[in-house]
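Each chain, letter by letter, is given below.
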Amino acid sequence: MIYRRMQEFNSQALQEMTDEEFLTLVTESLIDIFEVEIGYIAIETGNSAKSDFQHLEGYSLAPASQMKILASLKKMMPRQPLGKVRQMELQADQDELYTLLPLRHVFVTCVKNPESDMTIYLMGGITDKGSSFYDPIGTDREAAFLVFAQQVMAHETNYYKTQTIKQQLQTLSQEQKRITSIAESFLSFDTDPDQNIQKFVSLSVSLLSASTAVYENLQSDQLLHSGNFKAVRTTVGGGSQHHCNRLVQLSKQPIVCYPNLTQDLISETPSWIHQFQGCTFLGSSVMIDKQPVGTLAIFLDNHTAI
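Residues numbered from 1 in each chain as written. Predicted model: local features only at pLDDT ≥ 70, side-chain atom pairs only at ≥ 80, totals over all residues. Heavy atoms only, no water.

1. Focus: the overall build of the protein chain
- Helices and strands together make up the secondary structure of the protein chain, namely 9 helices and 10 strands.
- Computed over its C-alpha atoms, the radius of gyration of the protein chain comes to 31 Å, more than 25% above the 19 Å expected for a compact globule of 306 residues.
- Structurally, the protein chain occupies a C-alpha span of about 90 × 40 × 30 Å along its principal axes.
- Counting every position in the protein chain, which comprises 306 residues, the buried fraction comes to 42%. (Helix = DSSP H or I, 4+ residues; strand = E, 2+ residues; numbered from the N terminus. Rg over C-alpha atoms; globule rule 2.2 N^0.38 Å. Buried < 20%, exposed > 50% of the residue type's maximum accessible area, 1.4 Å probe, protein only.)

2. Considering the state of the cysteines
- In the structure shown here, the tally under the stated rule is 0 disulfides.
- As a non-bridged cysteine, Cys 257 has Cys 279 as the owner of its nearest cysteine sulfur, 12 Å distant.
- Residue classification places Cys 257 among the partly exposed residues on the basis of a relative accessible area of 34%.
- Accessibility expressed as a relative area gives 13% for Cys 279, which makes it buried. (Disulfide = S-S within 2.5 Å.)

3. Topic: the sheet that holds strand β6 (residues 212-217)
- Strand order in the open sheet formed by 5 strands is β7-β6-β10-β9-β8, with antiparallel pairing between adjacent strands. In the strand order of this sheet, the two ends are held by β7 (223-227) and β8 (255-258), each with one partner. Strand-to-strand twist across the sheet, computed as the mean angle between neighbouring axes with direction ignored, equals 15 degrees.
- Of the strands in this sheet, β6, β7 and β10 (291-300) are in contact with helix α6 (residues 193-207), which crosses β7 at around 35 degrees.
- This element, helix α7 (residues 243-251), spans β6, β8, β9 (280-288) and β10 of the sheet and lies at about 90 degrees to β9. (Pairing = 2+ DSSP bridges. Axes fitted to C-alpha atoms, helices over the stretch in contact; angles between N-to-C directions. Contact = heavy atoms within 4.5 Å.)

4. Notes on the environment of Thr 127
- Mapped onto the fold, Thr 127 is located in strand β5 (residues 118-127).
- Looking at Thr 127, the relative accessible area reads 8%, which means it is buried.
- A C-alpha to C-alpha distance of 77 Å links Thr 127 and Gln 195, two positions 68 residues apart in sequence.
- Ignoring sequence-local partners within four residues, the contact set of Thr 127 consists of Glu 37, Ile 38, Pro 102, Leu 103 and Arg 104.
- Polar contacts involving the side chain of Thr 127 include one to the side chain of Glu 37, which spans 2.7 Å.
- In terms of polar contacts, Thr 127 uses its side chain to reach the backbone amide nitrogen of Gly 130, at 3.0 Å. (Polar contact = N/O pair within 3.5 Å; in protein donor to acceptor, adjacent residues only side chain to side chain.)

5. A look at the packing of helix α5 (residues 142-187) against α6
- The contact between α5 and α6 brings their axes to 11 Å, and the two run at 175 degrees. Classified by the angle between their axes, α5 and α6 sit roughly antiparallel to one another. Taken together, the residues of α6 that come into contact with α5 (itself represented by Arg 178, Ser 181, Ile 182, Ser 185 and Phe 186) are Phe 200, Leu 203 and Leu 207.
- Each residue belonging to the contact of α5 with α6 can be placed in one class, and the counts come to 5 nonpolar, 2 polar and 1 charged. (Parallel < 35°, antiparallel > 145°, perpendicular 65-115°, else oblique. Nonpolar A, V, L, I, M, F, W, Y, C, P; charged D, E, K, R; others polar.)

6. As for the nonpolar core
- Grouped together as the largest cluster of nonpolar side chains are 29 residues, with contacts concentrated most on Ile 120, Leu 122, Phe 148 and Val 152.
- Of all the elements in the fold, those that place two or more residues in this core are α1 (2-13), α2 (19-34), β1 (38-45), β4 (103-113), β5 and α5.
- No other element matches the 8 residues that α2 contributes to this core.
- Beyond its immediate sequence surroundings of up to four residues, Val 152 is in contact with Phe 9, Phe 22, Val 26, Ile 41, Ile 120 and Leu 122. (Core = buried A, V, L, I, M, F, W, Y, C linked by side-chain atoms within 4.5 Å.)

Everything listed here is a matter of coordinates, which is why it stays silent on function.
Next comes the structure, spelled out in structure tokens:
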């Protein structure tokens with residue numbers, strides 16, 4: 001009967017569901033398969049200092065108190081080998097776990113997948129009140145409990161791998177779009193340098209999800225821009241007025257980032273750059289034969305991480 005019920009769990013676990021739905025399925029199945037009152041699961045991944053996911057079924061407990069269950073279990077079984085079952089009879093005046101859950105009979109195991117660095121804790125228990133109606137947890141159920149724990153780990157590991165693959169595919173898809181955009185910009189080049197630079201400026205807005213991109217031509221005083229640019233003037237108005245270049249030179253770094261453009265930084269600049277006060281400034285000099293010929297500047301919302 002136990003193994004038939006575990007097979008039913010496997011069938012249900014193969015269906016697509018959320019993390020919370022899976023945890024609920026595990027604890028409900030644990031209660032049903034092993035005929036206990038309370039089921040608990042905690043899943044840790046990587047070097048997380050706390051359980052990434054946990055769920056308690058069969059007893060109402062505040063989330064803050066639930067967080068203490070795993071810590072209590074770890075204290076009770078510090079030398080417990082992985083893949084082994086520990087059964088305990090709790091005492092009200094001796095066990096920390098009893099202060100959280102009024103359990104009399106408890107069995108718990110811990111399984112780990114080194115490949116994914118994932119650890120799963122499973123616990124089933126019978127309360128003081130329920131001990132009159134439930135049979136004590138016997139050693140005959142230990143082997144099945146270990147099999148169930150391994151099944152839970154297998155499902156969670158497969159889900160983790162599936163999600164990782166989906167994220168990688170999404171990243172590849174986004175990267176492919178970026179590469180395609182760059183390639184199309186090169187393929188659409190013509191004999192007019194200014195038009196080619198304008199395509200790069202527009203591409204910068206798209207690739208970096210920026211508000212605005214501008215290019216200051218240090219040789220012709222021309223200002224090329226794309227995105228949300230509100231100024232009417234399209235030239236910077238003289239070699240001494242290359243304001244993005246001034247901001248880049250202040251930092252003396254190849255790529256300059258000011259997370260928050262302050263009034264002090266742009267006090268000597270023309271009115272067009274004042275609209276970007278408070279934005280993130282990302283800029284760099286454009287070099288030919290180690291000589292600066294222009295400045296590319298990107299303006300982003302200040303909440304955008306760089």
